[in-house]
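Here's the letter readout for the chains.
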Amino acid sequence: MSEAVIRALTVPTGPRPVPSPDDARRVTDPLTDRDFQLALWMLYELHYRGFDGIDPDLEWDPLLIAARRPMEAALEAAVRELAAVDDEPTTAKEVATALTRMTNGCGAGELATFLGRHATKTQFREYLAERAVYHLHESDPQSFVLPRIDGPAKVALAELQYDEYGSGRPDRIHAGLYAKALTSLGIPTDLLTHVDRAEATTLASVNTMSLFALNRRLRGAALGHLAAFEATSSLPCAAIAEGARRLGLPPEVADYYDEHVEADAVHEQLAIRDICGALVENEPALGADVVLGAAACLAVDGLAADVLLDRWRDLRSAAS
Amino acid sequence: MTGDGRVTVQLCPGGPMLLRGADEVVADDGTVHPVGRPVVALCRCRRSQRMPWCDNSHKARRTDRADRADRPERSDEN
């Protein structure tokens, strides 16, 4: 499927082969299928930065949009199955309670604890390169949600995004801080380099955000996802910053994670109460989607973390 | 910080205090911490490692306790 997308993007004229609905339906596990995730990632990327040398008009090419629809349906079905939740909060208070309950026990998590205490420099670099697929576009998916909501939830999302984008300081844009951390270690900051090597589950993690953010129908899920992401970020970031210091990495690496310890302690409260709470107060029918989005974040990002931990564990058992 | 000069405080149940529109926070020991973002979270549980800012340690403590109770045998290999 990814080769078909590449051909469709690069063939200048004439008939362009695109992945068929059958191709999408034949994928047995979309979340772990790298070819599927890569194909979908490229289609989504047309809405973000596009690709050098590729016609920007292809963003709204009917053939590509038609090819994307069954792929999105397959991803959505897989995410819904993995993140099955049975909770339909309809007030701000119920939403806050549900999101807090879902995220409170997460702690630093196994992956961040491993990076903090045990990871080698090589493993730490692998982690940074893998996660670059998200962090080099950090917070961009959620910006697509701003024009799709109104009132206090919109104000709160704008406030959170302003902070993500550096609070008025271009040198503090979070994606830029991540790029500085990569550069300090001699790791390329070119997104495609990292996408080429990324695990299916890492691509699935960012594609899930795009799925929620680019479909207005799923705006509740996009914001629930944001809330769970922010609420499970401070403690892992503190552990990862410790790992960077333990390994004596350049200060730019710890700086990125230190920034997120404090920022995300704020963002968690904003996202749970002022964004998701206000959204559901305004549109009570979106409560179930908010919970779905939060559960999807925890489940899909959990899968992605497990894949990295398994990779390093296998290496360790092979060495012993 | 805010355009209209308003400073507001929001108390989060079981969590920090959100402070909007402040220019600086003076800590217990008199240290002045400049505020670099539109909203900051101030620690209320006094367990933060980054006082006066919240670092979510109020949650870590609960989690650590749960970890010890649930998985006492866990080793680094697993």
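Further up the page is the structure itself.
Residues numbered from 1 in each chain as written. Chains lettered and ligands numbered in written order. Predicted model: local features only at pLDDT ≥ 70, side-chain atom pairs only at ≥ 80, totals over all residues. Heavy atoms only, no water.

Before going further, it helps to examine the side chain of glutamate 259 of chain A. Along the chain, glutamate 259 of chain A falls in helix H15 (residues 251–282). A distance of 3.4 Å separates polar atoms of two side chains, one belonging to glutamate 259 of chain A and the other to arginine 172 of chain A. Contact partners of glutamate 259 of chain A, with chain neighbours within four places excluded, come to Arg172, His174 and Leu177 of chain A together with Arg37 of chain B. (Helix = DSSP H or I, 4+ residues; strand = E, 2+ residues; numbered from the N terminus. Polar contact = N/O pair within 3.5 Å; in protein donor to acceptor, adjacent residues only side chain to side chain. Contact = heavy atoms within 4.5 Å.)

What follows concerns the sheet that holds strand S2 (residues 17–20) of chain B. All names here are of chain B. Taking strand neighbours across the sheet as the criterion, the three strands line up as S1-S2-S5 in an open arrangement whose pairing is antiparallel. Two strands bound the open sheet, and with one partner strand each, they are strand S1 (8–11) and strand S5 (39–42). Sheet twist, expressed as the average angle between the axes of neighbouring strands with direction ignored, equals 25°. (Pairing = 2+ DSSP bridges. Axes fitted to C-alpha atoms, helices over the stretch in contact; angles between N-to-C directions.)

This part covers the nonpolar core. Grouped together as the largest cluster of nonpolar side chains are 117 residues, with contacts concentrated most on Trp41, Phe124, Tyr127, Leu128, Leu223, Val253 and Tyr257 of chain A. For this core, the leading source of residues is H15 of chain A, giving 15 residues. Two domains each donate at least three residues to this core, and these are domain 1 (2–82) and domain 2 (92–319) of chain A. Not counting the four nearest positions on each side in its chain, tryptophan 41 of chain A is found in contact with Phe51, Val133, Leu191, Leu192, Val195, Leu203, Val206 and Asn207 of chain A. If you look at the next biggest cluster of nonpolar residues, it comprises seven residues, including Ala22, Val35, Val40 and Leu42 of chain B. (Core = buried A, V, L, I, M, F, W, Y, C linked by side-chain atoms within 4.5 Å. Buried < 20%, exposed > 50% of the residue type's maximum accessible area, 1.4 Å probe, protein only. Domains from an automatic or database assignment.)

Moving on to the layout of surface pockets. Residues and elements named next belong to chain A. Of the pockets and cavities examined, the second largest pocket occupies roughly 790 Å³. Lining the second largest pocket are 34 residues; nearest its centre among them are Thr232, Pro236, Asp301, Gly302 and Ala305. Elements with a minimum of two residues in the lining of the second largest pocket: helix H6 (109–117), helix H7 (121–135), helix H14 (234–246), H15 and helix H16 (287–319). With 10 residues, the single largest contributor to the lining of the second largest pocket is H16. Across the lining of the second largest pocket, the residue classes tally to 20 nonpolar, eight polar and six charged. (1 Å grid on protein atoms, 1.4 Å probe; cavity = no way out; pocket = protein on both sides within 12 Å on 5 of 7 lines; lining within 4 Å. Points joined across faces, edges and corners; volume = space filled by probe spheres on them. Nonpolar A, V, L, I, M, F, W, Y, C, P; charged D, E, K, R; others polar.)

The values reported here are purely geometric and, on their own, carry no functional implication.
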